[in-house]
Amino acid sequence: MEGRSPWYLAYRRLRRNRLALAAAGLFAAILVFVLAAPLWAHQVAHTTPNANHTLEKVEVDGEVREVVDREGKPVGPLWLGAGGRFFLGADGTLGRDEMVRLMYGGRISLLIGFGATLLATLLATVLGLLAGYYRGWTDATISRALDVLWSFPVTLLAIALGLALAVGGLRIGPLHLSGGSIWIPVLIIGFVYTPYMARPIRGQVLSLREQEFVEAAVAQGAGPLRVMFGELLPNLASTLIVFFALGVANNMLLEATLSFLGVGVQPPNASWGSMIGSGFELITSAPLLTVIPGAMILLTVLSVNVFGEGLRDALDPKSKVLLEAHAGTPEPQGTAV
Amino acid sequence: MRKLQAVLAVAVLTMVAIGLSSCGGSGGKEGGTLTGSYASFPELDPALSYSQEGWMAMYDTYLPLLTYKHADGEEGAEVVPALAESLPEVSNGGKTYTLTLRKGLKYSDGTPVKASDFAGTVERLFKINSPGSPFYEGIVGAERFAKTKSGGISGIKTDDATGKIEIELTQPRGTFTNELAMLFVALVPPGTPAKSLANDPPPATGPYEIAGVEPGKGWSYVRNPQWAKGNGDAIPEVPSGHVDKIAIKLVRNSATQVNEIERNQTDWMQTLVPADQYAKVKGKYEGTQFRVEHPISTYFFWMNTQKAPFDDVKVRQAVNYAVDSEALERIYAGQLTASHQILPEGMPGHKTFDLYPHDMAKAKKLFAEADPSDRKITVWTINESPNDKAGAYYAGVLGELGFGVKLKTINADNYFGIIGNLSTPDLDTGWADWLQDYPHPNDFFQPLLDGESIAPTYNTNTAQMDDPKLNAKIARLGSEELGSKQEDGYAQLDREFMEQAPLAPYGSIVTSTFVNDEIDLEKVIYNPTMGQDLTSFQFK
Amino acid sequence: MGRFIARRAAGTVLVLFAVSLIVFLIFNVIPDSNPAQNMAGRNASPTLVAGIEEEWGLNDSLPQQYATMMRKVFSGDLISYEGREDVDERIVEGIPATFSLCIGAAVIWMSFAILFGYLSARRPGGRLDRLLTVVSVTGISVPEFWLGAVLLNYLAYRLGVFPSGGYVPLTEDPLEWAYHLLLPWTTLSILYIGLYSRVLRSNMLDALGEDYVRTARAKGLSARQVMTRHVLRNSLAPIVTLFGLDFGALLGGAIAIEYVFDLNGIGLYTFESLINQDLPPVIAVVLFGAFFIVLFNALVDVFYAFLDPRVKLGRSAR
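Analysis parameters
- Residues numbered from 1 in each chain as written.
- Chains lettered and ligands numbered in written order.
- Predicted model: local features only at pLDDT ≥ 70, side-chain atom pairs only at ≥ 80, totals over all residues.
- Heavy atoms only, no water.
- Helix = DSSP H or I, 4+ residues; strand = E, 2+ residues; numbered from the N terminus.
- Buried < 20%, exposed > 50% of the residue type's maximum accessible area, 1.4 Å probe, protein only.
- Contact = heavy atoms within 4.5 Å.
- Rg over C-alpha atoms; globule rule 2.2 N^0.38 Å.
- Areas by Shrake-Rupley, 256 points an atom, 1.4 Å probe, with all protein chains shown as cover.
- Lys, Arg positive; Asp, Glu negative; His and termini not counted.
- Charge placed at Lys NZ, Arg CZ, Asp CG, Glu CD.
- Buried area = accessible area lost by both parts, 1.4 Å probe.
- Salt bridge = Lys/Arg side-chain N within 4 Å of Asp/Glu carboxyl O.
- Core = buried A, V, L, I, M, F, W, Y, C linked by side-chain atoms within 4.5 Å.
- Pairing = 2+ DSSP bridges.
- Axes fitted to C-alpha atoms, helices over the stretch in contact; angles between N-to-C directions.
- Expected span 1.5 Å × (residues − 1).
- Bend = angle between axes of the 7 residues up to and from the residue.
- Polar contact = N/O pair within 3.5 Å; in protein donor to acceptor, adjacent residues only side chain to side chain.
- Phe/Tyr/Trp six-rings, centres within 6.5 Å; stacked < 30°, edge-to-face > 60°.
- pLDDT = per-residue confidence, 0-100.
- Parallel < 35°, antiparallel > 145°, perpendicular 65-115°, else oblique.
- Left-handed = near helix turned anticlockwise from the far one by under 90°.
- Nonpolar A, V, L, I, M, F, W, Y, C, P; charged D, E, K, R; others polar.
- Patch = residues over 30% accessible without salt bridge, like charges linked within 9 Å, V, L, I, M, F, W, Y side chains within 5 Å.

Another point: the overall build of chain C. Secondary structure assignment for chain C yields 12 helices and zero strands. Mapped in sequence order, the helices and strands of chain C form the string α-α-α-α-α-α-α-α-α-α-α-α. Burial status across chain C gives 54% buried among its 318 residues. A separation threshold of at least 6 residues defines the contact pool for chain C, and within that pool the share at least 24 residues apart is 70%.

Right, here's the structure in full:
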């Protein structure tokens, strides 16, 4: 029998997991949905996400209707009644096209979710490797720093940072971000999520370090960098992949919470979370404005979670380390909310 | 015959009895407990409260020397005596105010009210650095006291034996009578601590007193025993109130407040019915349980007159033509009373006019004529709804006009600090509002448009308007007592400013009185300065 | 044991110090944030602003301000900028609502999580297991504030089945207390039920493969007896650890729920203070929260060592 690489085996297992594939399909569909935003905006809705249409009227099946009526009530979903304009209705008194905003908002939600997780993964990997490999003082310092962040009710920290940075932006040396920049939530969430990844990674590095292949590499004269990035990192790969998936889920939810509370994505940008926030004001008269963005978040995060579980099962179905690490990561939303 | 007479007599008596009970002049129950809800918790210390919610809560508990007439609309702008016997005697070219305290008044804890308490009350304002203290810095010796916090205020002379109070100002100040009616100078007993008493309010002088405060949850009122014992008779201008007890609770979500009124779980909500239910509630309950009220305020967009492109009056006029009240009415869900002038309706001196009825074509023409070279501007707005949307709308309109717009939304807590700081870069134009402190036109002109008011930080004249002729007019009118001649002068000034168009005012926001079906809506009084009058609530 | 406590105590102090320092720095880094201005109001005069700065020590150097603030926190003198309230009083007032919410939700989710985990582990891969997995994963994917808002709208506003928010103290009316908390508990639990039941399930599955289980079966114990007596008990240990870690997050999660359902708790107070850039309450709450988290974690470590004597105290079980 031909020997196969563990990656190939994992791939085979994943392929057999129908639920995970369905989830991947759902995620792909959502991705296509948000990528199609400019297309929809230009060709179908003939508007942009931030254009106001307060005083305009649309023709629906021969009947002329106001986009926003005299009492400020926005028009409900027109579906294809006006040729695709205001497919999901208007978003409020400014008369913006909800469907267009939903698509563009999705881009921002996904961007922040992935960006923040990528940042956290990078930071956590570096910190975990350093702490686990060098141990001693390096480990002590890094671990204590992580402990401090850990003790912080995370949402509070994120809200406080959001407030602080959303007003004046960030100015560190050459780095200059204005208050409304999308990179600010990315940085905040990435920074705040790092301890949750760094801890388990450190744990894994600590145990991997004792194994023979590391000893062998050191005996062959490999320096610390070679060991860390050449030997340890590849063995972390499957853990990192699973963590990344779970992290995206968690961070999308965290961004939604922050934007809902007003300290995440700032106007005129919109994310699904901030759309729920503005929809909440109209919840009694136009509940769909709240329900739909939330449903999008639910579907996206669900697909990522299910696929992440599938990845985990595929990469190492019996791995105790992964399970422990998984359990040791105060999970999605659980702690990071 | 006798029997007929008897029957007739009984019939007449019965009819009289029915007539008396149904059409009673004050037909309605006396007594009962009124339950109300607020969406935000005001500071229940008369020296510190600087919001209409707070003033409303203490209008009938703490009385200054003067107060506002307990009436709706324009009548409610009239200043009447409260703890003082009559309106002040103004002498010495407008610099000296003399009043006499009524005799026999007592605080709710039994302490007699003395003339010297007024001096103590004003001193307390400065000791605790009250946001209201700047109104009284014009008293001789006040600024020195503000800095040293000791030695008394030399400009206030009182005589406890006669009850005479004499106040001397450094300059004539036409608004001082109104300032004497502000809650800030409601009398408190001597020795009242110089710290916030919001959780344990001082003794009251009015018809009700605050019985208990649960911070973050609510507070309650009972009748002030001293009112029945003597204060009430001594002060006919202030009504005694119908209900015996009032219980207020904090309900942050205004949709929940509406829900509770509809289910008769609460009698009254102080907060404005939220935008998305406004039309529904108005349609269903107007006239029976719901009434629109008009506090005195102006909402506007300011333009930096000191910097291009808004240093050109044609550009500013174009902006005024471009803004469309119809759109803004929708943005405020119908809760807006549109206007295009500085003084709002209800303010003495207001005379309606509109120099810039909406006309986008005209706006664009003016803009083309002015042809500003610098078209890149930053529009500032606050992140509170619906004002944030007004700002977004405004940015859209400016874009349509031909500007390259960048919208900056700032957190409510920082907003006025940022736009009031002259060193903030790109202060071109943006949203702002101004709520009256009292119904005197100077309260609008001086802070918003007087060149003298421009300050490097905490600047209220965001348009940075500085026209010497108009500045002089503001100063002159502000030093005189408000009479019909002055009111005409203010109406004229309003026009003159709008001709220069430093602002693009768009109207004022309404508020509402929403009660459940047990309360007699007709009897509820809304004073435009002080809000709903607790003494006017009565069960049917 | 003594050394353990001493080390933990020292660590706690350091953590609290660091946490408070972080909050203090964040607030002082906010540009254009001026507590004196906010307190002075829109009619500010230079005299007034100077007076406020003097009264609140806002002219002192930053280290001096920090020291004063910390002193006030521990002496109970801390006054908030907004509304000049006694911060400790407000925090104490908020405790019943927040604890009712968190502890009540915890009881609910633990019960359901154990139930679901048990049912799933009994027949892994079976239909019930799959159904519960779907429910669980959905639970951890829902934005909880959104769920709360949706439930509030449809069940409370529209149908009137539940009250539309607000907190009724337990001492006032236990039935109303529970009634008003049902929706918040549900919203908060759904997330954690999903989380914990899955962890419990995998722990149980692992435990089922352990030696002592085989021994127990060999000795003749029924499957159910094995489950309840051995497996369940041993699976709980990691749960306890997890709970300790999650406690911090719980306090944070309470913010959104208290906001949506208008519960007068510490979460809402903290949120309002943050929005108002009111530093004193935020520092107090953060210290309070951090202290609890650290305390909880220490207790958890002790409990864990108690459960599993192989773990020596002092060495991180992680």
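Now for the overall build of chain B. Each helix and strand counted, chain B has 16 helices and 21 strands in total. Rg of the C-alpha trace for chain B: 26 Å, near the compact-globule value of 24 Å for 540 residues, within the 12% margin. Considering only C-alpha atoms, chain B reaches an extent of 95 × 65 × 45 Å along its principal axes. Here the contacts in chain B between residues at least 6 apart in sequence split such that 71% fall between residues at least 24 apart. For chain B, the computed accessible surface area is about 19800 Å², with 52% contributed by carbon and sulfur atoms. Positive and negative side-chain charges of chain B, numbering 49 and 69 respectively, have mean locations separated by a distance of 3 Å.

The partner chain A presents 21 residues to the 22 residues of chain B that form the contact. The junction of chain B with chain A conceals about 1900 Å² of combined surface from both sides, 56% of it contributed by carbon and sulfur atoms. On the chain B side of the interface with chain A, the three residues burying the most area are Asp276(B), Arg330(B) and Lys389(B), jointly 36% of the side's total. Inspection of the region where chain B meets chain A yields three salt bridges. With a shortest N-O distance of 2.5 Å, Arg70(A) and Glu329(B) are connected by a salt bridge. Here the side of chain B that touches chain A gets five residues from one element, more than from any other, and that element is helix H10 (residues 325-331) of chain B.

Counted by the stated rule, this structure contains 36 salt bridges over all chains. For Asp313(A), the salt bridge is made with Arg312(A), and the minimal N-O distance between the two is 3.7 Å. A relative accessible area of 36% places Asp313(A) in the partly exposed class. A relative accessible area of 12% means that Arg312(A) is categorised as buried. Among the charged side chains, a salt-bridge network with shared partners connects Glu66(A), Glu326(B) and Arg330(B).

One finds Trp272(A) and Ile283(C) to be the most contacted residues of the largest nonpolar core, which totals 164 residues. Residue contacts for Trp272(A): discarding those within four places in its chain leaves Ile30(A), Val34(A), Leu102(A), Gly105(A), Gly106(A), Ser109(A), Met252(A), Pro293(A), Met296(A), Ile297(A) and Thr300(A). Residues Tyr278(B), Val281(B), Trp431(B) and Phe497(B) belong to the second largest nonpolar core, which totals 81 residues.

Next up on the list: the sheet that holds strand S14 (residues 336-338) of chain B. All names here are of chain B. Read across the sheet, six strands follow the order S14-S18-S13-S17-S15-S16 without closing on themselves; strand pairing throughout is mixed. The strands lining the two open edges of the sheet, one partner per strand, are S14 and strand S16 (404-410). Strand after strand, the sheet turns through a mean of 30 degrees between neighbouring axes, direction not considered. Bridge count between S14 and strand S18 (residues 503-509): three bridges; the pairing is antiparallel. Across the sheet, residue Leu-336 finds its bridge partner in S18, namely Ile-509. Along the sheet, helix H9 (residues 313-322) contacts strand S13 (297-303) and S18; its crossing angle with S18, the most-contacted strand, is approximately 30 degrees.

Turning to the sheet that holds strand S11 (residues 268-269) of chain B, a few remarks are in order. Residues and elements named next belong to chain B. The sheet built from seven strands is open, its strands ordered S8-S9-S10-S1-S11-S19-S12 with mixed pairing. One side of each edge strand has no neighbouring strand; the edge strands of this open sheet are strand S8 (208-214) and strand S12 (290-293). The pairing of strand S9 (residues 218-223) with strand S10 (residues 245-250) spans five bridges and is antiparallel. By the bridge assignment, Ser-220 is partnered in S10 with Ala-247.

Turning our attention to the pairing of strand S1 (residues 33-38) of chain B. Taken residue by residue, a regular strand's side chains alternate between the two faces of the sheet. Residue and element names in this part refer to chain B. Two strands pair when backbone bridges link them, and S1 and S10 are joined in this way by six bridges, in the parallel orientation. Note that in S10 the partner of Tyr-38 across the bridge is Leu-250. Of the strand pairs in this sheet, S1 and S11 are connected by two bridges, and their pairing is parallel. For Ser-37, the partnering residue across the bridge sits in S11 and is Met-269.

With an omega of 5 degrees, the peptide bond running from Pro267(A) to Pro268(A) counts as cis. Relative to the assigned elements, Pro268(A) resides in the loop between helix H9 (224-260) and helix H10 (272-280). For the peptide bond that leads from Ala308(B) to Pro309(B), omega is 0 degrees, which places it in the cis range. By the secondary structure assignment, Pro309(B) is in the loop between S13 and H9. Positive phi values are uncommon outside glycine, yet His46(A) reaches one of about 55 degrees. The residue His46(A) is located in the loop between helix H3 (37-45) and strand S1 (57-60) in this model.

Once that is clear, we can look at helix H5 (residues 87-122) of chain C. Residue and element names in this part refer to chain C. Taking 1.5 Å per residue, 36 residues should reach 52 Å; H5 reaches 50 Å between its end C-alpha atoms and fits that length. Of all the bends in H5, the greatest, near 35 degrees, is centred on Ile-95, and the proline Pro-96 appears no more than four residues after it. A side-chain oxygen of the first residue of H5 lies 3.2 Å from the backbone nitrogen of Asp-88; this N-cap is Asp-86.

Here the focus is the packing of aromatic side chains. Working definition: an aromatic ring pair is given by the centre-to-centre distance plus the angle between the planes. In total, this model carries 50 aromatic pairs over all chains according to the counting rule given. Seen in terms of ring centroids, Phe41(B) and Trp219(B) are 5.2 Å apart; in terms of plane orientation they differ by 75 degrees. Their pairing is edge-to-face. Here Trp219(B) lies in strand S9 and Phe41(B) lies in the loop between S1 and helix H2 (52-58), a separation of 178 residues in the sequence. On the basis of an interplanar angle of 70 degrees and a centroid distance of 6.1 Å, the ring pair of Phe17(C) and Tyr66(C) is categorised as edge-to-face. With a gap of 49 residues between them, Phe17(C) in helix H1 (residues 2-29) and Tyr66(C) in helix H4 (residues 62-75) connect regions that are remote in the sequence. For Phe17(C), a relative accessible area of 43% corresponds to the partly exposed category.

The next subject is the confidence of the model for chain C. All names here are of chain C. Mean pLDDT over chain C: 80, with 85% of residues reaching 70 or higher. A low-confidence stretch, residues 313-318 (pLDDT under 50), is modelled with 13 contacts involving residues beyond four sequence positions or located in other chains. Overall fold confidence for the complex sits at a pTM of 0.86, while the interface term, ipTM, reaches 0.85.

Turning to the packing of H9(B) against helix H12 (residues 387-401) of chain B, a few remarks are in order. All names here are of chain B. Running from N to C, H9 and H12 cross one another at 120 degrees; their axes reach a closest spacing of 10 Å. Judged by the angle between their axes, H9 and H12 are oblique. As H9 packs across H12, the resulting crossing turns out to be right-handed. Along the contact surface, H9 presents Ala-318, Val-319 and Ala-322, while H12 presents Tyr-393, Tyr-394, Val-397, Leu-398 and Leu-401. Grouping the constituent residues of the contact of H9 with H12 by class yields eight nonpolar, no polar and no charged.

Within the secondary structure, Arg224(C) sits in helix H10 (residues 223-261). Along the chain, Arg224(C) and Val150(C) lie 74 residues apart, while their C-alpha atoms are 40 Å from each other.

What follows concerns the environment of Ser278(A). Its location among the elements puts Ser278(A) in helix H10. Each C-alpha atom of the pair Ser278(A) and Leu261(A) lies 9.9 Å from the other, and the pair is 17 residues apart in sequence.

As a further point, take the packing of helix H7 (residues 183-209) of chain A against H9(A). All names here are of chain A. Axis separation between H7 and H9 bottoms out at 10 Å; the angle between their running directions is 160 degrees. Between H7 and H9, the angle falls in the class roughly antiparallel. Seen along the crossing, H7 lies across H9 with a hand that is right-handed. Along the lines of polarity and charge, the residues of the contact of H7 with H9 split into 16 nonpolar, six polar and two charged.

Time to look at a positive patch on the surface. All names here are of chain A. The grouping of Arg-4, Arg-12, Arg-13, Arg-15 and Arg-16 at the surface amounts to a positive patch. Mapped onto the elements of the fold, Arg-16 is located in helix H1 (residues 6-16). Looking at Arg-16, the relative accessible area reads 63%, which means it is exposed.

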